Amino acid sequence: MIAAWPVVVRDRIVQAFKPGVSPAAEAPFRTLRRHGWVSQGVRVTLFADRGLAGQMTFFSSLNVMAARLARRGNAPAAERVARAAADLEAGPEFAILRSLLSELPDREAEQVVSGQFPEDGPAALTEAIRAVASRTEQVRANDILLSSPAEVVFAGRIAEVSDRFVLLVQGKGTATMVPLWMAGAARRDRAGDFLALVADQLDGASAVVEAVPAIDIDDTPGADGFSPFGRGDARTRSITAEDVRLLAGEPQSLRILVPVTIEG
Amino acid sequence: MTGAGWHIRPGSPADRELLASFACADTAVRWQAEVEHFIQVQLTDWAFDPHADAGDPRLLLAFTTAGDLFGVAAHERVILQARDGTIFPATKLEVVGVALKWQGRCFATGERASDVLMSAVMTDVGSRVPPRDARVYAVVHEDNHRSLAVCRRHGLTEEMSRPHPSYRRVVTPHKER
């Protein structure tokens with residue numbers, strides 16, 4: 001299952017509550033706080049080589065939904081969803097994620113919260129994000145408020161990239177085109193990336209459509225016997241018509257970064 | 001031959017024991033554990049399978065000048081085939097593993113251990129006789145960001161179809177004919 005990124009920064013909650021205002025605006029967030037339409041979030045102390053590097057607060061993505069409910073005037077529902085977000089943030093999945101984020105250098109923790117994995121980041125970080133996303137989806141599935149018809153999520157994998165659009169395909173085969181700049185803003189603009197589109201209804205025929213990073217929460221490779229190693233699995237060597245087009249040109253020279261001599 | 005702080009040599013069947021102790025994974029992470037398992041248990045048989053000579057399988061071991069095995073890599077010639085019968089000769093990077101204590105580390109001269117190992121692989125691919133096709137690809141778990149970054153740095157920048165939903169297949173680029 002492909003799920004929207006499960007953690008967010010404050011800005012996204014503000015934009016869900018007041019689309020179009022500056023995401024850094026203080027007043028909308030204070031309003032959310034005052035009414036209990038947003039959780040406290042999770043504070044991470046960041047360290048760098050020379051000691052403390054500041055603090056960062058991140059939130060369960062359920063808060064975005066709470067903010068939308070508040071915008072639509074459904075205050076009781078917004079409060080309830082914000083409480084669900086707070087429960088999630090107090091759980092073990094967030095505790096592990098918080099601990100891992102606090103160990104990241106420089107601004108990498110902020111990048112992770114916004115959907116990017118650092119190239120040299122620990123594998124456990126991916127697992128932690130996946131665990132939070134999985135728990136979030138469980139909560140959403142169990143709560144009727146969280147499957148509001150006013151909010152439609154289309155999550156999938158980017159199958160093709162052209163100069164203006166990416167083709168986003170769901171597991172069951174349905175697909176949609178997304179402007180390349182939207183996918184790029186979510187830092188998901190390459191073939192194979194996971195992306196989610198969230199259509200947030202404004203009125204009868206209009207909506208705010210947001211592109212957000214996504215993650216595959218079913219880590220089940222090997223369940224069907226696939227192994228990338230050895231000569232036994234023909235899938236590592238079989239190619240599609242699209243691959244044929246990709247490979248049809250003249251191969252470029254190999255790139256060798258470090259001069260190396262091999263014995264023998 | 002010795003580089004600034006390393007030397008690379010081809011593996012031999014006698015390296016089975018050495019490979020059996022090579023640690024490169026957090027074994028709690030399944031896709032990491034399978035890399036380590038392949039190197040420790042299967043790689044020697046893969047490299048020296050007498051029925052696989054046609055693919056010219058190559059096993060490379062990278063050592064520090066102090067003699068520590070810091071990297072293991074293997075590659076071979078394969079044929080990529082489409083349903084319509086179209087084929088492309090290519091080289092598959094079978095495995096590239098950096099020892100745990102060398103992951104993310106550089107030599108005193110500034111080269112990353114992973115770049116030295118990957119450069120050895122590309123050098124070896126480029127020097128095979130008969131010559132290998134310059135199409136080089138790797139199958140990498142989508143969560144293996146570190147390996148994907150190494151592949152990108154070494155020119156595996158194009159994305160082919162996935163052989164499995166959780167595994168990406170990256171390949172060196174091509175010019176228009």
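Residues numbered from 1 in each chain as written. Chains lettered and ligands numbered in written order. Predicted model: local features only at pLDDT ≥ 70, side-chain atom pairs only at ≥ 80, totals over all residues.

Student: I'm lost on the pairing of strand 5 (residues 136-141) of chain B in this one. Help?
Tutor: In summary, the side chains of a regular strand alternate between the two faces of the sheet. All names here are of chain B. For strand 5, the buried fraction is high: six of the six residues fall into the buried class. Residue alternation in strand 5 divides its side chains into two sets, Val136, Ala138 and Val140 and Tyr137, Val139 and His141, and both sets are buried. Across three bridges, strand 4 (residues 87-98) lies against strand 5 in parallel orientation. When the bridges of strand 5 are listed, Lys92 appears paired with Tyr137. You can see the chain leave strand 4, run along helix 3 (residues 113-126) and come back into strand 5, and the turn it takes is right-handed. (Buried ≥ 20, exposed ≤ 12 C-beta atoms within 10 Å, placed from the backbone. Helix = DSSP H or I, 4+ residues; strand = E, 2+ residues; numbered from the N terminus. Pairing = 2+ DSSP bridges. Right-handed = clockwise from strand over helix to strand, strands pointing away.)

Student: Explanation requested: helix 3 of chain B in the structure shown.
Tutor: An α-helical turn contains 3.6 residues, so any two residues separated by three or four positions project in the same direction. Residues and elements named next belong to chain B. Between its first and last C-alpha, helix 3 extends 20 Å over 14 residues, near the 20 Å set by a 1.5 Å rise per residue. When helix 3 is considered as a whole, its buried residues turn out to be Ala113, Ser114, Val116, Leu117, Met118, Ser119, Ala120, Val121, Met122, Asp124 and Val125. Those residues of helix 3 that are buried are in contact with strand 1 (6-10), strand 2 (58-64), strand 3 (69-82), strand 4, strand 5 and helix 4 (145-153). (Expected span 1.5 Å × (residues − 1). Contact = placed C-beta atoms within 7 Å.)

Student: How should I be thinking about the packing of helix 1 (residues 10-17) of chain A against helix 3 (residues 62-71) of chain A in this particular structure?
Tutor: Relative placement of two packed helices is described by the angle separating their axes and the distance separating the axes. Residues and elements named next belong to chain A. Contact geometry for helix 1 and helix 3: axes closest at 7 Å, N-to-C directions at 20 degrees. When the axis of helix 1 is compared with that of helix 3, the two are roughly parallel. Where helix 1 crosses over helix 3, the two elements pack in a sense that is right-handed. Residue-level contacts link Arg12, Ile13, Ala16 and Phe17 of helix 1 to Asn63, Val64, Ala67, Arg68, Ala70 and Arg71 of helix 3. (Axes fitted to C-alpha atoms, helices over the stretch in contact; angles between N-to-C directions. Parallel < 35°, antiparallel > 145°, perpendicular 65-115°, else oblique. Left-handed = near helix turned anticlockwise from the far one by under 90°.)

Student: What is the right way to look at the confidence of the model for chain B in this model?
Tutor: On average, chain B scores 91 in pLDDT, and the residues at 70 or more come to 97%. What the predictor reports for the complex is a pTM of 0.59 with an ipTM of 0.90. (pLDDT = per-residue confidence, 0-100.)

Student: Looking at this structure, I do not really get the pairing of strand 6 (residues 158-164) of chain B. What am I missing?
Tutor: All names here are of chain B. For strand 6 and strand 7 (residues 167-171), the ladder comprises four bridges, and the chain directions are antiparallel. Within the sheet, the bridge partner assigned to His164 lies in strand 7 and is Tyr167. Where strand 6 folds back onto strand 7 in an antiparallel hairpin, the turn is made up of two residues.

Student: Explain the sheet that holds strand 3 (residues 42-48) of chain A to me, please; I cannot follow it from the model alone.
Tutor: In a beta sheet, neighbouring strands are held together by backbone hydrogen bonds and run either parallel or antiparallel to one another. Residues and elements named next belong to chain A. Spatial strand order, 2-4-3: three strands in an open sheet with antiparallel pairing. What marks the edges here is a single partner per strand, and that holds for strand 2 (7-8) and strand 3. Relative to strand 4 (residues 51-60), strand 3 is paired through seven bridges, and the arrangement is antiparallel. Counted as the bridge partner of Ala48 is Gly51 from strand 4.

Student: Please clarify how the interface of chain A and chain B should be interpreted in this entry.
Tutor: A common way to express how large an interface is: the accessible area buried when the components associate. The interface of chain A with chain B comprises 47 residues on the first partner and 67 residues on the second. At the level of secondary structure, the elements contributing two or more residues to the side of chain A that touches chain B comprise helix 7 (123-141), strand 10 (238-239), helix 9 (241-247) and strand 11 (250-251) of chain A. Sorting elements by how many residues they give to the side of chain A that touches chain B places helix 9 of chain A first, with six residues. When its residues are assigned to classes, the side of chain A that touches chain B shows 20 nonpolar, 14 polar and 13 charged. (Nonpolar A, V, L, I, M, F, W, Y, C, P; charged D, E, K, R; others polar.)

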